[in-house]
Structure formats: structure tokens, C-alpha cells
Amino acid sequence: MFRWFVAPSRGTVEVTGAAFGLLGVLGAWHCKPSYIQWFNGWQMMRMAAWLFMYYVDIPLVLHCEGWVDAVEAMTQKYGWNDILYQVAMSGHCSNDRNKFFVQSTLTFMVFSYIVLATSRYQDVLSRVPKHLLRVPKDLSTGIYYAHSMGERSYINGTYGATDDQILHDKPPCYEQA
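It should be emphasised that the depicted structure is a prediction, and the values quoted were computed from it without experimental measurement.

Caption draft 1: Focus on a nonpolar patch on the surface. Together, V110, Y113, I114 and L116 make up an exposed nonpolar region whose accessible area comes to about 370 Å². Along the chain, I114 turns up in helix 6 (residues 93-126). Judged by its relative accessible area of 32%, I114 is partly exposed.

Caption draft 2: Molecular detail of the side chain of Q122. Looking at the secondary structure, you find Q122 in helix 6. Residue Q122 is classed as buried on the basis of its relative accessible area, which comes to 17%. In contact with Q122, not counting residues within four places along its chain, are P33, I36, Q37 and N40.

Caption draft 3: Here's a closer look at the packing of aromatic side chains. In total, this model carries nine aromatic pairs according to the counting rule given. On the numbers, 6.2 Å between centres and 75° between planes, the contact of Y54 with F100 is edge-to-face. Taken together, the positions of Y54 in helix 2 (residues 33-62) and F100 in helix 6 put the pair 46 residues apart, joining distant regions of the chain. Y54 gets classed as buried once you look at its relative accessible area, which sits at 14%. Accessibility expressed as a relative area gives 11% for F100, which makes it buried. The rings of W50, Y54, F100, F101, F108 and F111 are connected pair by pair, giving a single aromatic cluster.

Caption draft 4: Local environment of the state of the cysteines. One pass over the full model with this rule turns up one disulfide. The disulfide partner of C64 is C93, and the S-S distance across this bridge is 2.1 Å. Across the S-S bond linking C64 and C93, the dihedral sits near -65°, which makes this disulfide left-handed. Here C64, found in the loop between helix 2 and helix 3 (66-69), pairs with C93, found in helix 6; they are 29 residues apart in sequence, far enough to count as distant. There is no split in this pair, since C64 and C93 are both buried.

Caption draft 5: The arrangement of unusual backbone geometry in detail. Positive phi is not limited to glycine here, since C31 has a value of about 55°. With respect to the element layout, C31 can be found in the loop between helix 1 (6-30) and helix 2.

Caption draft 6: Structural context of the environment of V71. Tracing the chain through its elements places V71 in helix 4 (residues 71-78). A sequence separation of 14 residues divides V71 from Y85, and the C-alpha atoms of the two residues are 8.3 Å apart. Leaving out residues up to four positions away in the same chain, V71 has contacts with G66, W80 and Y85.

The rules behind the values
Residues numbered from 1 in each chain as written. Predicted model: local features only at pLDDT ≥ 70, side-chain atom pairs only at ≥ 80, totals over all residues. Heavy atoms only, no water. Patch = residues over 30% accessible without salt bridge, like charges linked within 9 Å, V, L, I, M, F, W, Y side chains within 5 Å. Areas by Shrake-Rupley, 256 points an atom, 1.4 Å probe, with all protein chains shown as cover. Salt bridge = Lys/Arg side-chain N within 4 Å of Asp/Glu carboxyl O. Helix = DSSP H or I, 4+ residues; strand = E, 2+ residues; numbered from the N terminus. Buried < 20%, exposed > 50% of the residue type's maximum accessible area, 1.4 Å probe, protein only. Contact = heavy atoms within 4.5 Å. Phe/Tyr/Trp six-rings, centres within 6.5 Å; stacked < 30°, edge-to-face > 60°. Disulfide = S-S within 2.5 Å.

Next up, the structure:
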């Protein structure tokens, strides 16, 4: 964050992280894929802010020594930057450059892994397990059909008969009389 306009963009993303982090915690706690999706969207915005920071700050860090030799040329090219001027005047350009690249690259890799892991978790939450049988609630499949032994059709002897047989035949209780 060596340029003044990078700090507000990263700062905005980091401040909103409190709300989206809470949303991610609630999504993980209650297994809500939509909450996880919003949280992961915020993480991707954070990654975009970091990429913007790289785009702006890498040329500054690579030309840090120029702040010692050609202050006017560096000011015209990049604008005044007090942080890099102090680093260059103290002679820590190579040390700070190495710290910047190593630490920011490791942080970016951790953020990338978190985005990947959150995406995988979101996929797991949105899938329907294969072991769950999707049976229609209102319709029976017709495989099993049960009758009570106290039903009128069992008592009348028409148990298991089709409707056509029942309409054309007399019930058994009338045949004996």
C-alpha cells in the first residue's frame, strides 16, 4: 500500500469484512448456502482489491532506489510518496521489497486457498445427498397396498376384488339368505 488511493479501496474491503465475516459464520453455523455465497463473494472482492494493490504498488517497489537519485523524476512519474522516500533514504529498499513480495504473496495464497475451500463447502451444502430417497408425498407408488382385516370388503368377501367384479356380483352375505 505505497500509493495513497490504494489504502481506501483495501480499507473499505477490510472494514466490510466484519459484516461479511459474521454472515459467513452464520452461514456455516446454520448450513445456509446463500450466506456462504455472499461471504465468498466478499472474499473475491478482497482478492480483487489485492490485485489492484499489486498493479499499483509493484512498479513503485521495483523502482524504490529512484527516490534517492531522481526524486523529481519519480515524483513526476508516480506522484509524491513519503513512505517510499523514507524507505529509500534509510537504505532499506531491498529489504522492504523482499518483505513486501514474500509476505504479500503468502497472504494472497492463503486468501486464495480460503476462497477455494469456501467454494467447495458451498458446493457440499447445495448438493442433495445421494442416500436420500425423493418420494412424492401425496402419491403412492402402488408397490404395496394394505387392507385392514376389519374393513367392510374383507367382511363381505370382496377383499382383493376389482371394482368391476364388485359391481356385477352380489355380496356374499345376500347369497345365503
